[in-house]
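One letter stands for each residue in the lines below.
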Amino acid sequence: MPGNKAWFTWGPAWPVSPPLVPAAVYAIPDLDTLESIYAAETPGYIYARDGHPNADYLAEQINELEQARWGMITASGMAAISVVLLGLLAPGERIIVSDRLYGKTSRLIHGELRRLGILSTAVDICDLDAVERALTAAPARVLFTETISNPLCRVANLPRLAEMARALGVLLIVDNTFASPVLCRPLQVGAAVVVESLTKFLGGHSDLTLGYVGGQGNRFVEPWVERICAGVSLWGSTGNPWECWLTSRGLETLELRVAAACRNAQILADWLARQTGVLQVVYPGRADHPDHHLAGQLFAHRYGPMLAVELEGGRDAVNHWLRANPEIPLAPSLGHTRTTCSHPTSTSHRNDSPADRQRQGIRDGLLRFSLGCEPESELLSKFEAGWLRFLKSLPGQYPE
Ligand SMILES: *Cc1c(COP(=O)(O)O)cnc(C)c1O
């Protein structure tokens, strides 16, 4: 191995994609340099868990998308949520959360955080009076919501929630995974912190697991910001260079992919509403969705890449549909380049009690779609052929 860094030069021209630096540790010429890197007087890296170029490059890309003043890459979306909540909350403090959160977030907050002595209250985030009552009933440190909920796509009124939180000195944290910064920048409408699962639309190709947390405030002034940033290394949540590199690459097409997915979602929602065997179509872009108007305002007349449909015939009908539609894979995630589906009762919401699922309106016949950016003609031909196979496969529908 060459003994110095000279082997890593490329003359006057430079590579148009960022280099991938998988090194776990860096060789430092002397103690004075070491001290000055630790003191952040000289730019540089020492140990990759504390920071590495691919994470910093990616964090800067997303900071710009989110208009964040600071941001950190974490090993997953859940790691981002853990690091921010562990950095912000102390035993005896309260967090108020939406009662329609991603299943694991809900378990983390009402299970693990409670075990550590942190109090939690769940509230219907779409009922602003109920949120106001929860905020004023007892002191709270954090209000936590998702921009768009899973799977019924309820939209949170972020500007109003931010206003209410700020008036009481509460920090609003927004999980923006379903919207992505293409549709919504929570920090610009008053949130203190935004988190994203990069595993979904930002990575965009279902080939990596990473998260991001970023926000307002100044790392070097506010102790809670510094605790979150330092927490990434302390809690061991660093993302690995290769996945950071892949996400940086995915971001090059984020706007195109999400714009196409939103167009496809509207087309598919309207098409599904005309099909036999459909009980209801749930999409904010349709006038019968409870948040149609709010979504239009908040997302500048785009309505998101996610939709749900309820089939007549419950779980059995879903099984028939899945077997008739191998081209729309049952893949319990979202944000892939091609359209995928999930069955909330069996996947994201499997740990909820039947009563809790009923409260949320999640029934056994509900299928959720994450739209991809395939051409409209390809999308519709897949669904048209699959729907015919589905109807034919239903017992008693088309006797031979
Ligand atoms: C997937 C997801 C998460 C968790 O992200 P991971 O990268 O899987 O850890 C959090 N929130 C929402 C809304 C998600 O969809």
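Bear in mind the structure is a predicted one, so any value in this text is a computation, not a measurement. (Residues numbered from 1 in each chain as written. Predicted model: local features only at pLDDT ≥ 70, side-chain atom pairs only at ≥ 80, totals over all residues. Heavy atoms only, no water.)

## Here we look at helix H4 (residues 103-115)
Alright, step 1. Between its first and last C-alpha, H4 extends 17 Å over 13 residues, near the 18 Å set by a 1.5 Å rise per residue.
Alright, step 2. The sharpest bend along H4 comes to roughly 25°, located at Ile-109.
Alright, step 3. Taken as a whole, H4 has its buried residues at Gly-103, Thr-105, Leu-108, Ile-109 and Leu-113.
Alright, step 4. In the segment just after H4, Gly-117 is the residue with positive phi, at about 90°. (Helix = DSSP H or I, 4+ residues; strand = E, 2+ residues; numbered from the N terminus. Expected span 1.5 Å × (residues − 1). Bend = angle between axes of the 7 residues up to and from the residue. Buried < 20%, exposed > 50% of the residue type's maximum accessible area, 1.4 Å probe, protein only.)

## Comments concerning the domain arrangement of the protein chain
Alright, step 1. Taken domain by domain, the protein chain holds domain 1 (50-251) and domain 2 (254-392).
Alright, step 2. Taking the mean C-alpha position of each, domain 1 and domain 2 sit 25 Å from one another.
Alright, step 3. Listed as interface residues are 34 residues of domain 1 and, on the opposing side, 37 residues of domain 2.
Alright, step 4. Each partner contributes to the roughly 3000 Å² buried at the junction of domain 1 and domain 2, and carbon and sulfur atoms together form 66% of this total.
Alright, step 5. The three residues of domain 1 that bury the most area against domain 2 are Leu-152, Leu-183 and Phe-201, which together make up 24% of that side's buried surface.
Alright, step 6. Between domain 1 and domain 2 we count two salt bridges in total.
Alright, step 7. The shortest N-O distance in the salt bridge between Asp-291 and Arg-154 comes to 2.6 Å.
Alright, step 8. Those elements that provide at least two residues to the side of domain 1 that touches domain 2 are H4, helix H6 (158-167), helix H7 (180-183) and helix H9 (241-251).
Alright, step 9. A per-element tally of the side of domain 1 that touches domain 2 places H7 first, with four residues. (Domains from an automatic or database assignment. Contact = heavy atoms within 4.5 Å. Buried area = accessible area lost by both parts, 1.4 Å probe. Salt bridge = Lys/Arg side-chain N within 4 Å of Asp/Glu carboxyl O.)

## Remarks on the sheet that holds strand E10 (residues 340-342)
Alright, step 1. Taking strand neighbours across the sheet as the criterion, the four strands line up as E8-E9-E11-E10 in an open arrangement whose pairing is antiparallel. Where the open sheet ends on each side, the last strands, each with one partner, are strand E8 (278-282) and E10. The average angle at which neighbouring strand axes cross in this sheet is 25°, direction not considered.
Alright, step 2. Taken together, the three bridges between E10 and strand E11 (residues 366-370) define a ladder with antiparallel strand orientation. Directly across from Ser-342, in E11, lies its bridge partner Arg-368.
Alright, step 3. With respect to the sheet, helix H10 (residues 254-272) is in contact with E8, strand E9 (306-311) and E11, its orientation differing from that of E9 by roughly 15°. (Pairing = 2+ DSSP bridges. Axes fitted to C-alpha atoms, helices over the stretch in contact; angles between N-to-C directions.)

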